[in-house]
Amino acid sequence: MRARALLAVPAGVLAVAVAAAGCGGSGTPASVPAQGPGAGGPALVTPTPLPGHSVLAHPGFSIVARARHGQVRLYRGPGSPRSWRVQRSPDARFPLVLLVKQARPGWLQVYLPVRPNQSLAWIRDADVTLHYDPYRVVVDLRHHRLTVWQSDRALDHQRIGVGSVATPTPGGIYYIIEQFRLTDPGGPFGPYALGLSAYSNVLKSFGSGPGQIALHGTNDPGGIGSNVSHGCIHLRNPEIARLAHLLPLGTPVRILA
């Protein structure tokens, strides 16, 4: 689950206490929002509408929307006259990013980083900037396997630890919304934690956090290949470090139950 921030991090502060919300293990790690390619994303390409089409499409790429002003108004359908809610980032230290499912002229349907999992809403495209993301992650829970794709090319395959029978990892389509560098890389969560838009279907809260699912490292590599966590996805520390420097916020993570 998530490394949940208790305090905002002013510029120059090296760490902030966080509570592990369902990740497995014990202790209270310290973390900072990660910097570099993974935190802000590599040099992604800005989409342009295809001639004669309203849908922004590019084979092998996902489209990520980033709020222009830190928040967006949510609508129940394209062209709705009134919004029904305002969506902000679950953590104010990170920009609000939203994975685009489909588009209509002037409107985008997006996945939200909220419960229930895979919630959808419509937003105005004028409220966001859009970028293509060539990366995606596929998590196969049954075979304890994570695969990283770049467009149509598999970059990496890794064995993983996943949720136990009592606290399973939820299947579905999610995306990376946060990235933390942990100041105790040898601790139970390893050097990095990548928070997802997914939440446990069993644990409504854990510690002081909301039961958010994350990809993170581990100090128990013997648990890789097993059902060992409270719902989070465990990788060997070198692998989570590589993903943290590769994958931008908004990267889709499809979890196959």
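Up top is the structure.
Since the model is a prediction, treat every value here as computed from it, not as a measurement. (Residues numbered from 1 in each chain as written. Predicted model: local features only at pLDDT ≥ 70, side-chain atom pairs only at ≥ 80, totals over all residues. Heavy atoms only, no water.)

Peer 1: Quick question: what am I supposed to make of the overall build of the protein here?
Peer 2: Looking only at helices and strands, the protein has two helices and 20 strands in total. Across the protein, the fraction of contacts at a sequence separation of at least 24, relative to all contacts at a separation of at least 6, is 63%. Surface summary for the protein: the accessible area is close to 11,300 Å², and the carbon and sulfur share equals 54%. (Helix = DSSP H or I, 4+ residues; strand = E, 2+ residues; numbered from the N terminus. Contact = heavy atoms within 4.5 Å. Areas by Shrake-Rupley, 256 points an atom, 1.4 Å probe, with all protein chains shown as cover.)

Peer 1: Explanation requested: the pattern of salt bridges in the structure shown.
Peer 2: Pairs can form between side chains of opposite charge whenever their charged atoms are close. Under the counting rule described, the total for this entry stands at three salt bridges. One salt bridge in this structure joins Arg 242 and Asp 156, with 3.7 Å as the shortest N-O distance. Of this pair, Arg 242 sits in helix α2 (residues 237–246) while Asp 156 sits in strand β13 (residues 153–159), and the two are 86 residues apart along the sequence. Looking at Asp 156, the relative accessible area reads 19%, which means it is buried. (Salt bridge = Lys/Arg side-chain N within 4 Å of Asp/Glu carboxyl O. Buried < 20%, exposed > 50% of the residue type's maximum accessible area, 1.4 Å probe, protein only.)

Peer 1: Looking at this model, I keep getting lost on the sheet that holds strand β9 (residues 120–124). Mind explaining?
Peer 2: Strand pairing in a sheet takes place through backbone hydrogen bonds and is either antiparallel or parallel in direction. Spatial ordering of the open sheet is given by β9-β8-β7-β4-β10, a layout of five strands whose pairing is antiparallel. Only two strands of the sheet have a single neighbouring strand rather than two, namely β9 and β10 (128–133). For this sheet, the mean angle separating the axes of adjacent strands, direction not counted, is 45°. Judged from the five bridges that link them, strand β8 (residues 107–111) and β9 form a sheet pairing that is antiparallel. For Gln 109, the partnering residue across the bridge sits in β9 and is Trp 122. (Pairing = 2+ DSSP bridges. Axes fitted to C-alpha atoms, helices over the stretch in contact; angles between N-to-C directions.)

Peer 1: Would you take a moment to explain the environment of Val 128 for this structure?
Peer 2: Structurally, the position occupied by Val 128 is in strand β10. A relative accessible area of 2% means that Val 128 is categorised as buried. For the pair Val 128 and Leu 98, spaced 30 residues apart in the sequence, the C-alpha separation amounts to 9.3 Å. Not counting residues up to four positions away in its chain, the partners in contact with Val 128 are Ala 65, Arg 66, Ala 67, Arg 68, Val 72, Leu 108 and Ile 123.

Peer 1: Which parts of the structure should I look at to understand α2?
Peer 2: Since there are 3.6 residues in each turn of an α-helix, residues three or four apart along the chain are aligned in direction. Buried within α2 we find Glu 239, Ile 240, Leu 243 and Ala 244. Down the axis of α2, the smallest arc covering the buried residues is 135°, so these residues share one side. (Arc of directions from axis to C-beta.)

Peer 1: Would you mind going over the packing of aromatic side chains with me for this structure?
Peer 2: The description of two aromatic rings rests on the distance between their centres and on the angle between their planes. Per the stated rule, a full pass over the model turns up three aromatic pairs. Judged by centre distance (5.3 Å) and plane angle (75°), the ring pair of Phe 94 and Phe 180 falls under edge-to-face. Of this pair, Phe 94 sits in the loop between β6 (85–88) and β7 (97–104) while Phe 180 is found in strand β15 (residues 172–182), placing the two residues 86 residues apart along the sequence. The exposure classification of Phe 94 matches that of Phe 180, with both residues buried. Arg 76 extends its terminal NZ or CZ atom over the ring of Trp 84, reaching a point 4.5 Å from the ring centre. (Phe/Tyr/Trp six-rings, centres within 6.5 Å; stacked < 30°, edge-to-face > 60°. Lys NZ or Arg CZ within 6 Å of the ring centre and 35° of its normal.)

Peer 1: Looking at this model, I keep getting lost on the pairing of strand β11 (residues 135–140). Mind explaining?
Peer 2: Each regular strand displays side chains that alternate between the two surfaces of the sheet. Of the strand pairs in this sheet, β11 and strand β12 (residues 145–150) are connected by six bridges, and their pairing is antiparallel. Bridging from a neighbouring strand, Asp 140 pairs with Arg 145 of β12. Counted between consecutive antiparallel strands, the loop separating β11 from β12 contains four residues, among which His 144 sits at a positive phi close to 50°. Of the pairings in the sheet, the one linking β11 to strand β20 (residues 252–256) comprises four bridges and is parallel in character. Along β20, the bridge assignment pairs Val 139 with Ile 255.

Peer 1: What exactly am I supposed to notice about the pairing of strand β16 (residues 192–199) here?
Peer 2: With eight of eight residues buried, β16 is to be regarded as a mostly interior element. Where β15 and β16 come together, five bridges link them in antiparallel fashion. Each residue of the ladder has a partner; that of Glu 178, found in β16, is Gly 195.

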